[in-house]
Amino acid sequence: MAKVKTEISKAVGPNRKFEESDIENLPYMQAVMKESLRLHPPLPFLIPRETIQDTKFMGYDVPKGTQVLVNAWVIGRDPMSFKPDRFLGSKLDVHYELIPFGAGRRMCVGLPLGHRMMHFSLGSLLH
Ligand code: HEM
């Protein structure tokens, strides 16, 4: 928390409000958000999907019409320690590195908006 506040103080200063354009200059705050989403995904099972045809996946037969859930909560529990630095320098949309918004061609189309809203809210609060 102290590290994010210091970063915001340096980038924004005391004489104006936090602005959306400040987000790109706050790499540590972005890393904190990624680490928080990894450990606490808002949609722990993402969005349920259904197979449209009989499928063989990693040796398993998955019949047509099967509901498929991805347990992002469990996937994001390893490692358990809160260490934002692990995300410094990474991009949110890197394939399968971070999956609270899903992955692949049906991943969240609202990612850019959700991403901005979350960072803007957190940045404004801490500033
Ligand atoms: C923190 C904010 C959000 C999170 C964590 C989130 C998460 C997700 C997840 C996990 C999926 C399923 C992806 C998959 O199956 O691979 C999804 C799909 C979707 N999201 Fe979001 N979402 C967020 C914000 C938004 C916003 C702000 C919008 C719209 C303005 C939005 C619109 C959609 C739509 C339309 C889909 C369906 C995409 C498809 O099936 O092709 N989401 N979201």
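The model shown is predicted, which means the values in this text are computed figures rather than measured ones. (Residues numbered from 1 in each chain as written. Predicted model: local features only at pLDDT ≥ 70, side-chain atom pairs only at ≥ 80, totals over all residues. Heavy atoms only, no water.)

Asks: How should I be thinking about the pattern of salt bridges in this particular structure?
Replies: Side chains that differ in sign of charge can pair as their charged atoms come close. Scanning all chains against the criterion turns up six salt bridges. With a closest N to O distance of 2.7 Å, Glu35 and Arg38 form a salt bridge. A residue pair is termed a helical-turn pair when its members lie 3 or 4 positions apart in one helix, as Glu35 and Arg38 do in helix 2 (residues 27-39) at three residues. Of the two residues examined, Glu35 and Arg38, each falls in the buried class. Connected through shared salt-bridge partners, Glu35, Arg38 and Arg86 make up one network. (Salt bridge = Lys/Arg side-chain N within 4 Å of Asp/Glu carboxyl O. Helix = DSSP H or I, 4+ residues; strand = E, 2+ residues; numbered from the N terminus. Buried < 20%, exposed > 50% of the residue type's maximum accessible area, 1.4 Å probe, protein only.)

Asks: Looking at this structure, I do not really get the nonpolar core. What am I missing?
Replies: Note on soluble globular proteins: their nonpolar side chains tend to be buried together. Among the nonpolar cores identified, the biggest contains ten residues, and these are Val4, Ile8, Val12, Phe18, Ile23, Leu26, Tyr28, Met29, Val32 and Leu126. Going through the elements one at a time, helix 1 (2-12) and helix 2 are the ones with two or more residues in this core. Those residues in contact with Leu126, other than ones at most four positions away along the chain, are Met1, Val4, Lys5 and Ile8. (Core = buried A, V, L, I, M, F, W, Y, C linked by side-chain atoms within 4.5 Å. Contact = heavy atoms within 4.5 Å.)

Asks: Explain the UniProt feature "binding site: heme" (unreviewed entry) in the protein here, please?
Replies: Here, UniProt's "binding site: heme" (unreviewed entry) annotation points to Cys108. Positionally, Cys108 belongs in the loop between helix 3 (72-75) and helix 4 (111-126). (UniProt positions renumbered as here; feature names shortened; annotations may be inferred.)

Asks: I would appreciate a short explanation of the environment of Asp85 in the present structure.
Replies: Position of Asp85 among the secondary structure elements: in the loop between helix 3 and helix 4. For the pair Asp85 and Gln53, spaced 32 residues apart in the sequence, the C-alpha separation amounts to 41 Å. Dropping the residues within four chain positions of it, Asp85 is found in contact with Lys3 and Tyr28.

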